[in-house]
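Report on the structure
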Amino acid sequence: MEQKEFNPLLLDNQLCFALYVCSKEIIKKYTPILTPLGLTYTSYITLLSLWEKDNVSVKELGNKIYLDSGTLTPLLKKMEAQELLQRKRSSVDERTVYITLTQKGRDMKEKCKGIPNQLLCQNFVDLETAPMLLQNLHAIMHKISSIDCC
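Residues numbered from 1 in each chain as written. Predicted model: local features only at pLDDT ≥ 70, side-chain atom pairs only at ≥ 80, totals over all residues. Heavy atoms only, no water.

**A few points about the packing of helix H2 (residues 41-52) against helix H4 (residues 69-81)**
Note the cut-off: Think of each axis as a best-fit line through the C-alpha atoms, taken over the contacting stretch in the case of a helix, with angles from 0 to 180 degrees between the N-to-C directions. Where helices and strands are cited, they refer to DSSP runs of H or I of at least four residues and of E of at least two residues respectively, numbered from the N terminus. These descriptions rest on fixed angle ranges, namely under 35 degrees for roughly parallel, over 145 for roughly antiparallel, 65 to 115 for roughly perpendicular, and the rest for oblique. The contact criterion used is simple: two residues touch if any of their non-hydrogen atoms lie within 4.5 Å.
Viewed as axis vectors pointing N to C, H2 and H4 meet at an angle of 80°, and their least axial separation amounts to 11 Å. As the angle between them shows, H2 and H4 are arranged roughly perpendicular. On H4, the residues touching Thr42, Ser43, Thr46 and Leu47 of H2 are Leu75, Leu76 and Met79.

Listed below in structure tokens is the structure:
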């Protein structure tokens, strides 16, 4: 049997495209679960981060969830309007804004506890291979984020 030569310009041979589609489709699976809670995927990951560590600067939060301030600031304003968090300027350096969960934001954690299991029940990832897949994706994330340019 003749083996085909690898063509790096085929769309199906693009790692970035495969990751993009997977990400987009997984986020689409979150939408019907998060919408009744008044959350988007980005507000959900923001809450996940703040539940791990509250009272962080916008910069620290952005670094943790890989969002720049241009994307994060409108999101945080919306979440503040929903009374999930508060933004407060530092008294030491007013350029620094700290994000703190409100009681409503802390209470949202209980409402979100079942979300990971709801997604796992959709069976788009094999539970036996999921830990290795997650480990590989984290390795790619860390490697890509540490590279300055090509």
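Now that the structure has been shown, we can carry on.
**Observations concerning the nonpolar core**
Applied cut-off: Residues belong to one nonpolar core when they are buried, are Ala, Val, Leu, Ile, Met, Phe, Trp, Tyr or Cys, and are joined through side-chain atoms within 4.5 Å. Under the scheme applied here, a residue whose accessible area is under 20% of the maximum for its type counts as buried, over 50% as exposed, and between as partly exposed, the area being computed with a 1.4 Å probe on protein chains only.
In this structure, Leu61, Leu72 and Ile99 are the most contacted members of the largest nonpolar core, which totals 27 residues. Elements with a minimum of two residues in this core: helix H1 (15-34), H2, helix H3 (58-65), H4, strand S3 (97-101), helix H5 (103-112) and helix H6 (115-120). Among the elements that make up this core, the one with the highest residue count is H2 (five residues). Those residues in contact with Leu72 that sit more than four places away from it in its chain are Val58, Leu61, Gly62, Ile65 and Leu67.

**Considerations on the packing of aromatic side chains**
This is how it is decided: When the centres of two rings from Phe, Tyr and Trp lie within 6.5 Å, Trp using its six-membered ring, the rings pair. Their planes under 30 degrees apart give stacked, over 60 give edge-to-face, and anything left gives tilted.
A full pass over the atoms with the stated rule returns three aromatic pairs. Judged by centre distance (5.6 Å) and plane angle (45°), the ring pair of Tyr30 and Tyr44 falls under tilted. Residue Tyr30 is found in helix H1, and its partner Tyr44 is found in helix H2; the two are separated by 14 residues along the sequence. As far as burial versus exposure is concerned, Tyr30 and Tyr44 are alike and both buried. Site record: aromatic cluster; members linked through ring pairs are Tyr30, Tyr41 and Tyr44.

**Some details on the environment of Asp107**
Tracing the backbone through its elements, the reader meets Asp107 in helix H5. For Asp107, a relative accessible area of 42% puts it in the partly exposed group. In sequence terms Asp107 and Leu84 are 23 residues apart; their C-alpha atoms lie 9.0 Å from each other.

Any link to function would need more than the numbers given here.
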